[in-house]
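Coordinate inspection notes
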Amino acid sequence: MLAADSLAELLAALTRPTALAELGVLAACFLGAWLVVGLARRNANSRILLGERGFDGVLFPVLMLGLALLGRWVLATRLPLAVFKLAVPLLASLAIIRV
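Read on for an overview of the structure. For clarity, every value in this text was computed on a predicted model and none was experimentally measured. (Residues numbered from 1 in each chain as written. Predicted model: local features only at pLDDT ≥ 70, side-chain atom pairs only at ≥ 80, totals over all residues. Heavy atoms only, no water.)

1. Side note on the environment of G57
- Turning to its location among the elements, G57 is positioned in the loop between α3 (47-50) and α4 (59-76).
- Accessibility expressed as a relative area gives 2% for G57, which makes it buried.
- Residues G57 and R98 lie 41 residues apart in sequence; the distance between their C-alpha atoms is 6.9 Å. (Helix = DSSP H or I, 4+ residues; strand = E, 2+ residues; numbered from the N terminus. Buried < 20%, exposed > 50% of the residue type's maximum accessible area, 1.4 Å probe, protein only.)

Now the structure itself:
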């Protein structure tokens, strides 16, 4: 659980310009996962893995989580992370719910 001080630090970090770079990487992860799932839907007919609309299956949140973890790993040495501190737990919970 976040203490009041660490919550204030996180909110301050979200207002830094580096948060825009993190959002850009996260958007690229989203686009990459969406494209992979879209291509997989053309070639496969698994409703559990791919879902009805593509983003409601298992593959999209798991792939998005994996790409976000990769993006966080790449950015961790270059930028102070704020967006990924919020996004990775949210994506992990979404992936766990789908599995």
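Still to come is the rest of the account.
2. Concerning the environment of W73
- Tracing the backbone shows W73 in helix α4.
- Here the alpha-carbon distance between W73 and F84, two residues 11 residues apart in the chain, equals 10.0 Å.

3. Examining α4
- If you check α4, its first and last C-alpha atoms are 25 Å apart, about what 18 residues at 1.5 Å a residue would give, namely 26 Å.
- On the buried face of α4, the contacting elements are α2 (18-43) and α5 (83-98). (Expected span 1.5 Å × (residues − 1). Contact = heavy atoms within 4.5 Å.)

4. A look at the packing of α4 against α5
- Across the interface, α4 lies against α5 with an axial gap of 9 Å and an inter-helix angle of 155 degrees. One way to sum up the angle between α4 and α5 is to call them roughly antiparallel. The handedness of the crossing between α4 and α5 comes out as left-handed. Contact residues: P61, V62, M64, L65, A68, L69, G71, R72 and L75 in α4; F84, V88, L91, A92, L94, A95 and R98 in α5.
- For the contact of α4 with α5, the per-class residue count stands at 13 nonpolar, one polar and two charged. (Axes fitted to C-alpha atoms, helices over the stretch in contact; angles between N-to-C directions. Parallel < 35°, antiparallel > 145°, perpendicular 65-115°, else oblique. Left-handed = near helix turned anticlockwise from the far one by under 90°. Nonpolar A, V, L, I, M, F, W, Y, C, P; charged D, E, K, R; others polar.)

5. Let's talk about the layout of surface pockets
- In this structure, the largest pocket occupies an estimated 180 Å³ of space.
- For the largest pocket, the lining is made up of 10 residues, of which S6, E9, L10, L81 and K85 are closest to its centre.
- Looking at the lining of the largest pocket, the elements that each hand over two or more residues are α1 (4-14) and α5.
- Tallying contributions element by element places α1 first for the lining of the largest pocket, with four residues. (1 Å grid on protein atoms, 1.4 Å probe; cavity = no way out; pocket = protein on both sides within 12 Å on 5 of 7 lines; lining within 4 Å. Points joined across faces, edges and corners; volume = space filled by probe spheres on them.)

6. Some points on the packing of aromatic side chains
- Counted according to the given criterion, the structure contains one aromatic pair.
- Ring geometry for F30 versus F60: centroids 5.4 Å apart, planes at 85 degrees, classification edge-to-face. Highlighted residues: F30 in helix α2 and F60 in helix α4, separated in sequence by 30 residues.
- Among the residues examined, F30 registers a relative accessible area of 42% and is labelled partly exposed. (Phe/Tyr/Trp six-rings, centres within 6.5 Å; stacked < 30°, edge-to-face > 60°.)

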